[in-house]
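What follows is the residue order along each chain.
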Amino acid sequence: MKPFAYALALGLATAQLASAALAADITGAGATFPFPVYSKWAEAYRKETGTGLNYQSIGSGGGIKQIQAKTVDFGATDAPLKGEQLAKDGLVQFPTVMGGVVTVVNIPGIEPGKLKLTGELIADIYAGKIAKWSDPRIAKLNEGVKLPDANVTPVYRSDASGTTNIFTTYLSQASEAWKKEFGAATTISWPVGQGGKGNEGVTATVKQVPNSIGYVESAYAKQNKLAYTLIQNKDGQFPEPTDKAFQAAAASADWKAAPGFGISLTNQAGAEAWPITAATFILVYKEPADSAKAAEVLKFFDWAYKNGDKLASDLDYVPLPDNVVGLIHDEWKTIKGKDGKPVFGM
């Protein structure tokens, strides 16, 4: 073969290999809550299999819109879709990991876990009814803690957010006034404070704004060394936001109670239960247009269930119990190609 022809053939072969590798990559978008763990899983999975994951951390609302528009291979949401919506859109929904939402503060001299709050206090802060850190109600709960006579700046999610849905679901359970005035949703008309896009945006804003308070997924608090607060749970206790506390909240969960595993883990009973615990979810089509690509998505999450527990735990996420993974595998059998056969063989 002549040098030019050989070089051309080699170039074409390289291009074809690169194209094949690119074609195998998985695309997903949505929740910022699980972004740290999906990134770690993707890194390890690429090293082991050569298949990459391009995940856009754009918020649950964006993830739902993108899977509905069929512009990604899977969507991700912390606010699970209801059964009727799943049926309408022809989607299958399943959880990947559990975690906790924590309130974080930037108050001079306040270290992680040193400030206590209740659900009612947090609700009143975000409703604008508590304006200063020196408020008597906060001071009474935190005797011996030096709090400044400074204005509180609540920081919230400015985008459609599953984390907001989890947080406001909890506030609605803890405060009847919040439930009546604002309720639970992925977007809220916040009366006070300032917004940040994604868990990343809230984290950055809290770090920049003195005397602020925000709500983020616990991994963001840990990675960014933010001062988390303790929150009183349903049993009146103030547990630390740890794997053990998240597991305690999910201990008695009935995963079959709702279509698509869409159960709520907030405000669960138990002395050790973290009050703002939640699962995060994946959305895929029940009858995908591209069976091979759908199979790649399921292969990735199957690998994560089998090999990703330590990576998840290292980031303060809680892996799903084995029996729940078994239920998910059963659900995957309903995802079928045009030939009527399941796209993923267990």
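The rules behind these values
- Residues take numbers from 1 onward in each chain, read along the sequence in its written order.
- Two thresholds apply to this predicted model, a pLDDT of at least 70 for residue-level local features and 80 or more for giving and counting side-chain atom pairs, whereas whole-chain, interface and lining totals are computed over all residues.
- For the side-chain quantities, the full set of heavy atoms in the structure was used; hydrogens and water were omitted.
- Just to be clear on terms, a salt bridge is a Lys or Arg side-chain nitrogen sitting within 4 Å of an Asp or Glu carboxyl oxygen.
- Comment: elements are numbered from the N terminus, with helices defined as DSSP H or I runs of at least four residues and strands as E runs of at least two.
- Buried residues are those whose accessible area, probed at 1.4 Å on protein chains only, stays under 20% of the maximum for their type, while exposed residues exceed 50% and partly exposed ones sit between those limits.
- Here a residue-residue contact requires only that any non-hydrogen atoms of the pair lie within 4.5 Å.
- Throughout, the protein atoms alone are placed on a 1 Å grid, and a set of points is a cavity if a 1.4 Å probe fits but cannot get out or a pocket if it is open with protein on both sides within 12 Å along at least five of seven lines; lining residues have an atom within 4 Å of a point.
- Grid points are joined across faces, edges and corners, and a volume is the space filled by probe spheres set on the points.
- Gly is put with the polar residues, along with every residue not named as nonpolar or charged; the nonpolar set is Ala, Val, Leu, Ile, Met, Phe, Trp, Tyr, Cys and Pro, and the charged set is Asp, Glu, Lys and Arg.
- Interaxial angles span 0 to 180 degrees and are taken between N-to-C directions of axes, which are lines fitted to C-alpha atoms, for helices over the stretch in contact.
- These descriptions rest on fixed angle ranges, namely under 35 degrees for roughly parallel, over 145 for roughly antiparallel, 65 to 115 for roughly perpendicular, and the rest for oblique.
- Stacked, tilted and edge-to-face are the three classes assigned to paired rings of Phe, Tyr and Trp, where Trp is represented by its six-membered ring and a pair needs centres within 6.5 Å; plane angles under 30 degrees give stacked, over 60 edge-to-face, the rest tilted.
- Each pair of strands is called paired provided DSSP finds at least two bridges between the two strands.

Trainee: How would you summarise the pattern of salt bridges if you had to cite specific residues and measurements?
Mentor: Scanning all chains against the criterion turns up 11 salt bridges. For the salt bridge of E43 with K47, the shortest nitrogen-to-oxygen distance reads 3.8 Å. Residue E43 and its partner K47 are located together in helix α2 (residues 35–49), separated by four residues, close to a single helical turn. Here E43 falls in the partly exposed class, since its relative accessible area comes to 43%. A residue is classified by how much of its surface remains accessible, and K47, at 69% relative accessible area, is exposed. A salt bridge links K333 to D330; its shortest N-O distance comes to 3.6 Å. Residue classification places D330 among the partly exposed positions, given a relative accessible area of 43%.

Trainee: Requested: an account of helix α9 (residues 198–208), with residues and values cited.
Mentor: For α9, the complete set of buried residues consists of G198, N199, G201, V202, T203, T205 and V206. Those residues of α9 that are buried are in contact with β4 (91–106), β6 (153–157), α7 (162–174), β7 (194–196), β8 (212–217) and α10 (218–223).

Trainee: Quick rundown of the layout of surface pockets? Include the residues and the values.
Mentor: The volume enclosed by the largest pocket comes to roughly 490 Å³. For the largest pocket, the lining is made up of 25 residues, of which A79, P80, K82, N165 and T169 are closest to its centre. Contributions of two or more residues to the lining of the largest pocket are made by α3 (60–68), α7 and β11 (277–285). Residue classes in the lining of the largest pocket are distributed as 13 nonpolar, 10 polar and two charged. Here the second largest pocket defines a volume of roughly 280 Å³. Lining the second largest pocket are 15 residues, with V72, D73, Y285, P288 and A289 sitting closest to its centre. Mapped by element, the contributors of at least two residues to the lining of the second largest pocket are β11 and α12 (291–307). Of all the elements, α12 adds the most residues to the lining of the second largest pocket, at four residues. For the lining of the second largest pocket, the per-class residue count stands at 10 nonpolar, no polar and five charged.

Trainee: Which residues make up unusual backbone geometry, and what are the values?
Mentor: Despite not being glycine, N211 has its phi angle at roughly 65°, a positive value. Relative to the helices and strands, N211 resides in the loop between α9 and β8. Unusually for a residue other than glycine, N267 sits at a positive phi of about 55°. As for its position among the elements, N267 is in the loop between α11 (243–250) and β11.

Trainee: I'd like a rundown of the environment of I26, residues and numbers included.
Mentor: Along the polypeptide, I26 turns up in strand β1 (residues 26–30). Given the relative accessible area of 1%, I26 is considered buried. Sequence separation between I26 and V202 is 176 residues; the distance between their C-alpha atoms is 28 Å. Residues contacting I26, with those up to four places away along its chain left out, are T51, G52, L53, N54, D73, F74, E296, V297 and F300.

Trainee: Report on helix α5 (residues 119–126), specifying residues and quantitative values.
Mentor: For α5, the tally of buried residues reaches seven of eight residues, placing the bulk of the element in the interior. For α5, the complete set of buried residues consists of G119, L121, I122, A123, D124, I125 and Y126. G128 sits one or two positions beyond α5 and adopts a positive phi of about 85°.

Trainee: Summarise the packing of α2 against α12; cite the residues concerned and give the values.
Mentor: Put simply, α2 and α12 touch, their axes get as near as 11 Å, and they point 105° apart. Viewed along their axes, α2 and α12 adopt a mutual orientation that is roughly perpendicular. Only K299, F300, F301, W303 and A304 of α12 make contact with α2, whose side of the interface consists of Y38, W41, A42, A44, Y45 and E48. A per-class count over the contact of α2 with α12 returns nine nonpolar, no polar and two charged.

Trainee: Describe the packing of aromatic side chains, listing the residues and the values that go with them.
Mentor: Within this structure, the stated rule accounts for 22 aromatic pairs. Each ring, one from F94 and one from F301, has its centre 5.9 Å from the other, and the planes form 75°; the classification is edge-to-face. Of this pair, F94 sits in strand β4 while F301 sits in helix α12; the two residues are 207 residues apart in sequence, bridging distant segments of the chain. Neither residue differs from the other here; F94 and F301 are each classed as buried. Taking 5.3 Å as the distance between ring centres and 70° as the angle between the ring planes, the aromatic pair formed by Y126 and F167 counts as edge-to-face. With a gap of 41 residues between them, Y126 in helix α5 and F167 in helix α7 connect regions that are remote in the sequence.

Trainee: Lay out the pairing of β8 in plain terms, naming residues and giving numbers.
Mentor: The buried fraction of β8 is high, at six of six residues. As paired strands, β4 and β8 are joined by six bridges and run antiparallel to one another. Bridging across to β8, V101 finds its partner in E217. Pairing of β6 with β8 involves two bridges; the strand directions are parallel. Residue P154 lies in a different strand from β8, and its bridge partner there is I213.

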